[in-house]
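# Examining the three-dimensional arrangement
Now for the letters of each chain:
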Amino acid sequence: SSDDQAIKNITIGASFPISGADTTWGDCLMAARFALDQIKDQNLLSGYRLNMEWGNTKCDAGTGMKVLFDLIHNPPQKLMILGSACSPVTEPMAQTSREFKLLQISYISASPALNNRETYPYFFRARASESKRILPSFEIFKRFNWTKIAIITETINLYTLVANEVVKVANETKTEIVTSTSFDTEEDPQKAIAKIKESQVRIIYAGFYPKPGRRVLCRAYHEGLRPPQYVWIGPGWFPGPYWWRNREDGDLIVGNITCNNTVMDFMAEGYFSTDPPLTWDGNKTTVSNMTSEEWIKAYNTYRKYDLYAKYAGGYNFAGYVYDATWAVALTLNNSIQRLAKKKLTLEGFTYGNVDYLEVFTSEMAKLQFLGVTGPLSFTKTGDRIGITVIRRVQNHSHIVIAKYIDQSAKVIWDDSINYIWGTPASGFGIVLAIILLRFNVSYREDRAIKITSPNINIAIICGVILCYISVPFLGLDSNILGISTYGMYAHSLVCRIRIWLLLLGFMMGFSALFTKTWRLYVIFTNKTSRKQKTEENGDFKIVYSITTCVTKHPAIWQSLMLGSNGILLLYGLALAWKTRNIACDVANDSKTIGLAVYSVCVFSSTAALIGFTVTQPAVRFSMIALFILLSTTGSMYLIFLPKVWMIKDLARVNSTQRSNEADSEPGKLIERHLHHSASRSSIMPDPKVYKLQDEISELKSLLAMKCQRIEELEESLLKSKISTITNNEDTIPRLHSELVEDASNSCRCKSANCWKSYFNQDSQEISSYNNSYLSVQSPQQRRVSFLPKD
Ligand SMILES: NCCCC(=O)O
């Protein structure tokens, strides 16, 4: 069409490594094609169609040079060169392209050599130089108080030049570089590793490509330079999630040693990397009218159907290639008018013309736009100004732990805010637990609390407090302690404390709760084995699970933890089920246990799931801490709030009782309560319901007291005070068994009629027993032995 004829084609040359064992980075090519499509859609270069011709460098310098010569030699003329990826390829290419007065922009080459404006005057890059890793790395050293460092690098400019700069920064920051060593790309790094081992330095600043890096880690494993004693800080740009794993079939072979992927996974654990981010995490619209998030979605769809989808790889470079391609288009677009003033056009471009080069170079140097990898602008040496992220390998995943902002030279640690909330939250829980503890101690002589075993309650609250204390320990970054001998000791101590606190707290709390239920179960169901009764005064037994903080066998250790806790909970549930029908509500925690175990099961299985699946430490900590706090607080309130209410209820009942001391005989008391309920019912909107509710609640209170009374009688029997009444040895077991029978029957009574008949039949016997008992009680004991308490 006439429109098509009006559009002029302009072409750039590009190079990508889209084949090779470690460098099948077809995403670089696909991201450039995606960018060109969108540049066309947005009519950026109005009147022009921007085309791209490209070649495969295979990340090899020789092949890269051939690609460049082919691009230059074959028509049409290429206005700029986009590429390459690997620094050893980009360096010679950029030295050559300058001879043709061609501007070259690399999307990811990071060699510091490329900052040399004398050698590379027309070179730019969309990804920052490897030197930008240095300051963030020193921030890591500072944070963990690491003062002695070893350096190991592959002998390519990309890393040896960085090593020199590291030495300079170390001098300025009083960090000691104890040893600096290097190895050739294809060489077994045995000697270099031996040198580091000899230096006894355990912090290693590394620079290598993925393949030589794997050899280094394998050799280090065999030489005993293993994490967590040895810490590696290296490049983070490696494509793919598991760069440390062997790419070929079988084990990795390095000289006379081999490493399987389990060893490589182990060696990579804790590896620190410093590198620019994959994409920018802001939500502003970028140069292509998409937010980074929208861009990722759009690109993910595009790469699935692109012509070169089979070369997919190097996904983490895509954003940089995309932004570099936009930088080319924007520069060409912004140059049109300036060229016009010189009577030049884009379509009229010729190699060797300095006018074009001057305009292009100055326009690119001026560029400032928001790319999908963040705000993009260049330094005077054509380097990218931007952000560096600090990542750490945890459970085989790369976790962002901090961001380093170039302009402000500041590090924002990811944990600085998220970990802090755990301490005040658990502090608040501890205060509430102490309030309940005080309540429990203050009312320990009150029947409603006494019957719930105050000493056991104290154990439950202590368990709760231990669980709360474990939360700040979970959030404590033990790496802060450093890796000195003391630091390592403290590290291992923190590891143990955080596990043991939670485990002991959990075991203590639930064992105590279940001990109470077990006691109730024995009292009410096992009449013949009364000798097994556990005394209330602190003599209960808690069976602790024997677990140790073993890191070598986490699966076994975790199974032990889950198994022992699970068995404890199941046992508690079984007890709760067996005691569910015991109508002694004050002492019977079966419903509470059911609810507490349910909430703990739900919360802890969610927390365990999070522990296994979420790898981001701050999110992981926040979620786990939240679930610990929720289940601890929930269980505490389920157990203790009813007791607080009970105290209030009893206070009400007692005040009614005080008004008629003479009516303290149980039978009359029931009648009076019924009468009281009936008289109240006349003013209630739903008399029957209120009457029944009142009756139930008051009878329950009475029953509770009755249970307590039985306990007191048992105590006195066991203390042999009964022997002062009678010296006849046969009487003791008989009385004991009668009382047990009596206790079981009375606490099974659920209705007023049952109570009435029970008291009518037995009141005489009880009161005669009371009378004999009173004869050996102290005044205070005598006071509490009446029903109800005055
Ligand atoms: N960002 C590193 C890419 C590889 C290289 O510079 O050679």
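Residues numbered from 1 in each chain as written. Predicted model: local features only at pLDDT ≥ 70, side-chain atom pairs only at ≥ 80, totals over all residues. Heavy atoms only, no water.

Taken together, five strands build an open sheet; the order of strands is 2-1-3-4-5 and the sheet is parallel. With one partner strand each, in any of the chains shown, strand 2 (48–56) and strand 5 (123–125) form the two edges of the open sheet. Sheet twist, expressed as the average angle between the axes of neighbouring strands with direction ignored, equals 25°. One ladder, built from three bridges, connects strand 1 (residues 8–16) with strand 3 (residues 78–82); its direction is parallel. Looking across to strand 3, one finds that Ala14 is bridged to Leu82. The strands that helix 2 (residues 26–41) touches are strand 1, strand 2 and strand 3; relative to strand 2, the one it contacts most, it runs at about 175°. Helix 3 (residues 61–73) contacts strand 1, strand 2 and strand 3 of the sheet and is inclined by roughly 145° relative to strand 2. (Pairing = 2+ DSSP bridges. Helix = DSSP H or I, 4+ residues; strand = E, 2+ residues; numbered from the N terminus. Axes fitted to C-alpha atoms, helices over the stretch in contact; angles between N-to-C directions. Contact = heavy atoms within 4.5 Å.)

Further remarks concern the site of the ligand. Around the ligand, the structure places Ala85, Cys86, Ser87, Pro88, Ile108, Ser109, Ala110, Arg127, Leu158, Tyr209 and Trp237. Side-chain polar atom of Ser87 to an oxygen atom of the ligand: 2.6 Å apart, as the coordinates give it. Protein burial of the ligand: of its 240 Å² of free accessible surface, 99% is covered by the chains. When each cavity is represented as a set of grid points, the ligand is found to reside in the second largest cavity. (Near = heavy atom within 4 Å. Polar contact = N/O pair within 3.5 Å; in protein donor to acceptor, adjacent residues only side chain to side chain. Areas by Shrake-Rupley, 256 points an atom, 1.4 Å probe, with all protein chains shown as cover. 1 Å grid on protein atoms, 1.4 Å probe; cavity = no way out; pocket = protein on both sides within 12 Å on 5 of 7 lines; lining within 4 Å. Sits in = over half its atoms within 2 Å of the grid points.)

Right, let's get into empty space enclosed by the protein. Tallying each qualifying case throughout the model produces nine cavities of 30 Å³ or more. Estimates place the volume of the second largest cavity at around 90 Å³. What lines the second largest cavity is Trp25, Ala85, Cys86, Ser87, Ile108, Ser109, Ala110, Arg127, Leu158, Tyr209, Trp237 and Phe317. Broken down by class, the residue content of the lining of the second largest cavity amounts to nine nonpolar, two polar and one charged. (Points joined across faces, edges and corners; volume = space filled by probe spheres on them. Nonpolar A, V, L, I, M, F, W, Y, C, P; charged D, E, K, R; others polar.)

Moving on, we get to the nonpolar core. One broad trend across soluble globular proteins is that nonpolar side chains are buried collectively. In terms of nonpolar packing, the biggest core is built from 108 residues, with Phe16, Leu82, Ile152, Trp232, Leu332, Phe360 and Met364 touching the most fellow members. For this core, the element with the most residues is helix 11 (residues 318–341), which contributes twelve residues. If near-sequence neighbours (up to four positions away) are discounted, Trp232 is found in contact with Ile152, Ile193, Ile204, Ala206, Val216, Leu217, Ala220, Leu225, Met267, Gly270, Tyr271 and Phe272. If you look at the next biggest cluster of nonpolar residues, it comprises 35 residues, including Val464, Phe510, Ile610 and Ile624. (Core = buried A, V, L, I, M, F, W, Y, C linked by side-chain atoms within 4.5 Å. Buried < 20%, exposed > 50% of the residue type's maximum accessible area, 1.4 Å probe, protein only.)

The buried fraction of strand 3 amounts to five of the five residues, a majority that puts the element mostly inside the structure. Examined bridge by bridge, strand 3 and strand 4 (residues 103–106) share three bridges and lie parallel to one another. Within strand 4, the position partnered with Ile81 by the bridge is Gln104. A crossover links strand 3 with its parallel partner strand 4, the connecting element being helix 4 (residues 87–97), and its sense is right-handed. (Right-handed = clockwise from strand over helix to strand, strands pointing away.)

A separate point is the packing of helix 5 (residues 134–143) against helix 6 (residues 157–172). Across the interface, helix 5 lies against helix 6 with an axial gap of 10 Å and an inter-helix angle of 50°. By the angle class used here, helix 5 and helix 6 are oblique. The handedness of the crossing between helix 5 and helix 6 comes out as right-handed. Between helix 5 and helix 6, the residues in contact are Ile134, Leu135 and Phe138 and Val162, Glu165, Val166, Val169 and Ala170, respectively. The residue makeup of the contact of helix 5 with helix 6, split by class, is seven nonpolar, no polar and one charged. (Parallel < 35°, antiparallel > 145°, perpendicular 65-115°, else oblique. Left-handed = near helix turned anticlockwise from the far one by under 90°.)

This paragraph deals with the sheet that holds strand 9 (residues 231–235). The mixed open sheet is built from eight strands, whose spatial order is 7-6-8-9-12-15-16-17. One side of each edge strand has no neighbouring strand; the edge strands of this open sheet are strand 7 (176–183) and strand 17 (410–413). Direction aside, the axes of adjacent strands within the sheet are offset by 25° on average. Relative to strand 12 (residues 272–275), strand 9 is paired through three bridges, and the arrangement is parallel. Counted as the bridge partner of Gly234 is Ser273 from strand 12. Here helix 6 sits on the sheet in contact with strand 6 (148–154), strand 7, strand 8 (203–207) and strand 9, set at roughly 165° to strand 6.

What follows concerns the confidence of the model for the protein chain. Chain-level statistics for the protein chain give a pLDDT mean of 79 and a share of 73% at 70 or above. Ignoring residues within four places in sequence, the model shows residues 661–687, a span with pLDDT below 50, making 35 contacts including any to other chains. Under a pLDDT of 50 for its full length, residues 761–790 has, in the predicted model, 48 contacts with residues more than four places off or in other chains. (pLDDT = per-residue confidence, 0-100.)

Moving on to the packing of helix 7 (residues 190–199) against helix 8 (residues 210–223). In contact at an axis separation of 9 Å, helix 7 and helix 8 are set at 50° when each is read in the N-to-C sense. One finds that helix 7 runs oblique with respect to helix 8. Judged by the twist between their axes, the crossing of helix 7 over helix 8 is right-handed. Residues Gln190, Ile193 and Lys197 of helix 7 pack against Val216, Arg219, Ala220 and Glu223 of helix 8. Classifying every residue of the contact of helix 7 with helix 8 by side-chain character gives three nonpolar, one polar and three charged.

Going from Gly83 to Ser84, the amide bond is cis rather than trans, its omega being 0°. As for its position among the elements, Ser84 is in the loop between strand 3 and helix 4. A cis geometry characterises the amide bond from Pro227 onward to Pro228, with omega recorded as 5°.

We now examine the side chain of Thr153. Of note, Thr153 is situated in strand 6. Once residues lying within four places of it in the same chain are set aside, the contact partners of Thr153 are Tyr159, Thr160, Ala163, Thr181, Ser182, Phe183 and Gly207.

Moving on, we come to the pattern of salt bridges. On inspection of all chains with the given rule, the structure shows 18 salt bridges. Two residues, Glu139 and Lys142, come together in a salt bridge whose shortest N-O distance is 3.7 Å. Taken together, the residues Glu139 and Lys142, both in helix 5 and three residues apart, mark about one turn of the helix. The closest approach of N and O atoms between Lys366 and Glu363, which form a salt bridge, is 3.2 Å. Separated by three residues within a single helix, Lys366 and Glu363 lie in helix 12 (residues 354–366), roughly one turn from each other. If you follow the salt bridges from partner to partner, you end up with Arg125, Lys132 and Asp383 in one network. (Salt bridge = Lys/Arg side-chain N within 4 Å of Asp/Glu carboxyl O.)

Within the element layout of this structure, Ser335 appears in helix 11. A relative accessible area of 0% places Ser335 in the buried class. In sequence terms Ser335 and Phe360 are 25 residues apart; their C-alpha atoms lie 6.4 Å from each other. At a separation of 2.5 Å, a polar atom in the side chain of Ser335 contacts the main-chain carbonyl oxygen of Thr331.

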